[in-house]
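Architecture and fold: a report
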Amino acid sequence: MTTEPAFTPPPNVRAYPLQTTRGTFAVVDSPVAPGVRPRGVGLLLPGFTGSKEDFTLMHEPLAARGYRTIAVDGRGQHESDGPEHDESAYAQNELARDVLSQAAALGPLDAPLHLFGHSLGGQIARAAVLLDHTPFRSLTLMASGPAQISDSQQQRVKLLRDALGVMTMAETWEAIRAMGPPEEVGGPARGIGGEDLLRRRWRGTKPAQLLATGRQLSTEPDRVDELAALPLPFHVLSGASDDTWPVPVLDDMAVRLNARRTVVPGAEHSPNADQPLLTARAVADFWDSVTAA
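Since we're looking at a predicted model, the values are computed, not measured.

So, about the nonpolar core. Ranked by size, the top nonpolar core spans 55 residues in total, and within it Leu43, Leu115, Phe136 and Leu257 carry the most contacts. Once residues within four sequence positions are removed from consideration, Leu43 is found in contact with Ile70, Val72, Val99, Gln102, Ala103, Leu113, His114, Leu115, Phe116 and Phe136. Judged by nonpolar contacts, the second largest core, of 19 residues, contains Leu44, Phe55, Leu62 and Ala71.

Bringing the side chain of Ser80 into the picture now. In this fold, Ser80 is placed in the loop between β4 (67-72) and α2 (92-105). Residue classification places Ser80 among the buried positions, given a relative accessible area of 2%. In terms of polar contacts, Ser80 uses its side chain to reach the backbone amide nitrogen of Ala26, at 2.9 Å. Discounting chain neighbours no more than four positions away, the residues touching Ser80 are Thr24, Phe25, Ala26, Asp73, Gly74 and Arg75.

Where two aromatic rings form a pair, the distance of their centres and the angle of their planes describe that pair. Evaluated as defined, the whole model comprises two aromatic pairs. Between Phe55 and Phe116, the ring centres sit 5.8 Å apart and the planes meet at 85°, which makes this aromatic pair edge-to-face. On the criterion of sequence distance, the pair formed by Phe55 in the loop between β3 (40-45) and α1 (56-64) and Phe116 in strand β5 (residues 113-118) is long-range, its members being 61 residues apart.

Residues other than glycine predominantly adopt negative phi, and peptide bonds predominantly adopt the trans conformation. The phi torsion at Thr49 lies on the positive side, around 65°, for a residue other than glycine. Position of Thr49 relative to the elements: it lies in the loop between β3 and α1. The class of Thr49 is buried, set by a relative accessible area of 7%. Non-glycine residue Ala143 carries a positive phi angle of around 50°. Tracing the sequence through the fold places Ala143 in the loop between β6 (138-142) and α4 (151-164).

Scored by pLDDT, the chain comes out at a mean of 91, with 91% of its residues at no less than 70. Here residues 1-7 is modelled with pLDDT under 50, and outside its nearest four sequence neighbours on either side it reaches 24 contacts, counting other chains as well. A low-confidence stretch, residues 181-187 stays under pLDDT 50, and its non-local contacts, those more than four residues away or across chains, total 17 contacts.

For α4, which comprises 14 residues, the first-to-last C-alpha distance of 20 Å matches the rise-based estimate of 20 Å (1.5 Å per residue) to within 8%. Along α4, the positions that sit buried rather than exposed are Gln153, Val157, Leu160, Ala163 and Leu164. Along the axis of α4, the buried positions cluster into a sector of 120°, meaning they face one direction only. For α4, the exposed residues lying more than 90 degrees away from the buried face are Asp151 and Gln155.

Here Thr140 is to be found in strand β6. The class for Thr140 is buried, based on a relative accessible area of 0%. For the pair Thr140 and Phe286, spaced 146 residues apart in the sequence, the C-alpha separation amounts to 8.9 Å. Not counting residues within four places of it along the chain, the set of residues in contact with Thr140 comprises Leu115, Phe116, Gly117, His235, Phe286 and Trp287.

Counted under the stated rule, the structure contains 21 salt bridges. Between Glu226 and Arg223 there is a salt bridge, with the nearest N and O atoms lying 3.1 Å from each other. A salt bridge links Arg256 to Asp225; the shortest N-O distance between them is 3.2 Å. Of the two residues, Arg256 is situated in helix α9 (residues 247-257) and Asp225 in helix α8 (residues 224-228); the sequence distance between them amounts to 31 residues. Several salt bridges share partner residues, and in doing so they unite Arg22, Arg75, Glu94 and Asp98 into one network.

Right, let's get into the pairing of β6. Summarising burial for β6: five of the five residues are buried, a large majority. Side chains Ser138, Thr140 and Met142 project from β6 onto one buried face, and the interleaved Leu139 and Leu141 project onto a second face that is buried too. For the segment spanning β5, helix α3 (residues 120-131) and β6, crossover handedness is right-handed. Both β6 and strand β7 (residues 234-239) contribute to a ladder of four bridges, which runs parallel. In the sheet register, Thr140 faces β7, and the bridge partner there is His235.

Note on placement: Leu57 falls in helix α1. With a relative accessible area of 30%, Leu57 lands in the partly exposed category. With 116 residues separating them along the chain, Leu57 and Trp173 place their C-alpha atoms 25 Å apart.

Definitions and limits used
Residues numbered from 1 in each chain as written. Predicted model: local features only at pLDDT ≥ 70, side-chain atom pairs only at ≥ 80, totals over all residues. Heavy atoms only, no water. Core = buried A, V, L, I, M, F, W, Y, C linked by side-chain atoms within 4.5 Å. Buried < 20%, exposed > 50% of the residue type's maximum accessible area, 1.4 Å probe, protein only. Contact = heavy atoms within 4.5 Å. Helix = DSSP H or I, 4+ residues; strand = E, 2+ residues; numbered from the N terminus. Polar contact = N/O pair within 3.5 Å; in protein donor to acceptor, adjacent residues only side chain to side chain. Phe/Tyr/Trp six-rings, centres within 6.5 Å; stacked < 30°, edge-to-face > 60°. pLDDT = per-residue confidence, 0-100. Expected span 1.5 Å × (residues − 1). Arc of directions from axis to C-beta. Salt bridge = Lys/Arg side-chain N within 4 Å of Asp/Glu carboxyl O. Right-handed = clockwise from strand over helix to strand, strands pointing away. Pairing = 2+ DSSP bridges.

Here is the structure:
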């Protein structure tokens, strides 16, 4: 159900390399709308085969609610560099430490910093706050479950891993496109932007990143109890259906976390693209409640 409009950056948005103690990361930084009182800052982490552009349609409505948002390409994703073949560079703890360095690189902020992760980005965000939750005022997990992905998605990830074992990224892209809708055959998920953007971000992503994070998604243990012990407010957000982590699994995780639970109607695994205005409203409502508390 994900729409694919032509990619147009929101007004006043800056795209730049964020310098951190752990390297440089490509970001899209959207300021608070003119005349609106700043209420907070959101650090947005994309999912598997995704990129910072996946949050394009959320920036403007969140800016109108008083929230600056910074969407990040993680190490080896799209426009952020990383090793081509060294999978150890993409161990979950390494990616989690990258997130903490990104938060630190934003410098002193005059508003609370909220962490937001989609799918794989949610599990990396979880790992980051388990290392150090103090930079963040809250954590939102969007379409990101308690442990490994569903059996059907594990099979799709295996198809991708097998392909990357014998083909280049360019060859894999062409093979996947020839087989059918890429999200159905283990390839890049549909996202914001047209064919050219999706091809560019696929070819810009490092194969080792996909191999390592695909393995993580297929073997991730349940760490919900560890997360629940942290003094953070949590938000579990999803579409009305999801074949990566079924909705009842996400419902149960929200209960275990004592989290706010939002189900976005008309959305599937990517509410940020399927229903961006409803999703942004739910996120802003949660961040507002955290600030008020």
